[in-house]
Amino acid sequence: MGLVLARIDQRLIHGIVVTQWAAHTKAKRLMVVDDEVSKDEVQKAAMRMSKPAGTGMSIIDTKTAIANFNAGKYDSHNVFLVVREPETLLALAAGGVHIPKINVGIIFDGEGKKTLKKMVSVSEKEVSDLKALKEKGIPVTFHFVPGEPEEPLETYIK
């Protein structure tokens, strides 16, 4: 147990995460790790209202997540982790957090970004960060919803 899946999803906690991914991963805890959102009480309250009954939720910053994982706080939980950016996962991995697998879900389009597939557009930094995560031995896949096939990182990023 512990961390069962990490998802990069810039919408963070929303319908697909709550209704499909939480059930698919058998998550007992949904965790958002984000240094900005963890300080925004309005966003945190909105996300907490959408969590499934019987599921815990943590909305914390990167430093707290590293400390809590390393202290074994979530060892008895199935944790489904959601972050906005690949760089957050790099920081967690560098801090000693074991990430078994990364799912790329939604990364918004924007200036200087290249669209890889529906719902995923990446900057050069995001490409570099995703490659660095893969080089750490962490499987990285594109997987919008559990019912669709997973696609490995190499399908879109060489």
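Residues numbered from 1 in each chain as written. Predicted model: local features only at pLDDT ≥ 70, side-chain atom pairs only at ≥ 80, totals over all residues. Heavy atoms only, no water.

Of note, the phi angle at Leu 12 is positive, near 60°, even though the residue is not glycine. You can see Leu 12 is positioned in the loop between strand E1 (2–9) and helix H1 (15–24). For Leu 12, a relative accessible area of 4% translates into the label buried. Here Lys 26, not a glycine, exhibits a phi torsion of approximately 55°, which is positive. Position of Lys 26 among the secondary structure elements: in the loop between H1 and strand E2 (29–33). Residue Lys 26 is classed as exposed on the basis of its relative accessible area of 60%. (Helix = DSSP H or I, 4+ residues; strand = E, 2+ residues; numbered from the N terminus. Buried < 20%, exposed > 50% of the residue type's maximum accessible area, 1.4 Å probe, protein only.)

Moving on: the UniProt feature "domain: PTS EIIB type-4" (unreviewed entry) in the protein. As annotated by UniProt and renumbered to match this structure, "domain: PTS EIIB type-4" (unreviewed entry) occupies residues 1–158. Secondary structure content for residues 1–158 is 31% helix and 26% strand, and the end C-alpha separation is 32 Å. (UniProt positions renumbered as here; feature names shortened; annotations may be inferred.)

A few words on the packing of helix H3 (residues 62–70) against helix H4 (residues 86–94). In contact at an axis separation of 9 Å, H3 and H4 are set at 40° when each is read in the N-to-C sense. Here H3 and H4 pass one another in a crossing that is right-handed. The residues of H4 that touch H3, namely those facing Thr 62, Ala 65 and Ile 66, are Thr 88, Ala 91 and Leu 92. Broken down by class, the residue content of the contact of H3 with H4 amounts to 4 nonpolar, 2 polar and no charged. (Axes fitted to C-alpha atoms, helices over the stretch in contact; angles between N-to-C directions. Left-handed = near helix turned anticlockwise from the far one by under 90°. Contact = heavy atoms within 4.5 Å. Nonpolar A, V, L, I, M, F, W, Y, C, P; charged D, E, K, R; others polar.)

Remark: the centre distance and the inter-plane angle together describe each pair of aromatic rings, the angle taken between the planes. A complete count under the given rule lists 3 aromatic pairs for this structure. Judged by centre distance (5.1 Å) and plane angle (70°), the rings of Phe 142 and Tyr 156 are edge-to-face. Of this pair, Phe 142 sits in strand E8 (residues 140–142) while Tyr 156 sits in the segment after strand E9 (151–152), and the two are 14 residues apart along the sequence. Given the relative accessible area of 25%, Tyr 156 is considered partly exposed. (Phe/Tyr/Trp six-rings, centres within 6.5 Å; stacked < 30°, edge-to-face > 60°.)

Tracing the sequence through the fold places Asn 78 in strand E4 (residues 78–83). Asn 78 gets classed as buried once you look at its relative accessible area, which sits at 16%. A polar atom in the side chain of Asn 78 sits 3.2 Å from the backbone oxygen of Lys 26. Setting aside residues up to four positions removed in sequence, Asn 78 forms contacts with Met 1, Gly 2, Val 4, Thr 25, Lys 26, Ala 27, Lys 28 and Arg 29. (Polar contact = N/O pair within 3.5 Å; in protein donor to acceptor, adjacent residues only side chain to side chain.)

Time to look at the sheet that holds E4. Strand pairing in a sheet relies on backbone hydrogen bonds, with the paired strands running either antiparallel or parallel. Taken together, the 7 strands give an open sheet; going across it, the order is E3-E2-E4-E1-E5-E8-E9, and neighbouring strands pair in mixed fashion. Lying at the two open borders of the sheet, with one neighbouring strand each, are strand E3 (56–60) and E9. Strand direction decides the pairing type here: E1 and E4, joined by 6 bridges, are parallel. Bridge pairing in E4 places Leu 5 opposite Phe 80. Contacts between H1 and the sheet are confined to E1, E2, E4 and strand E5 (102–106), with E1 contributing the most and set at about 150° to the helix. (Pairing = 2+ DSSP bridges.)

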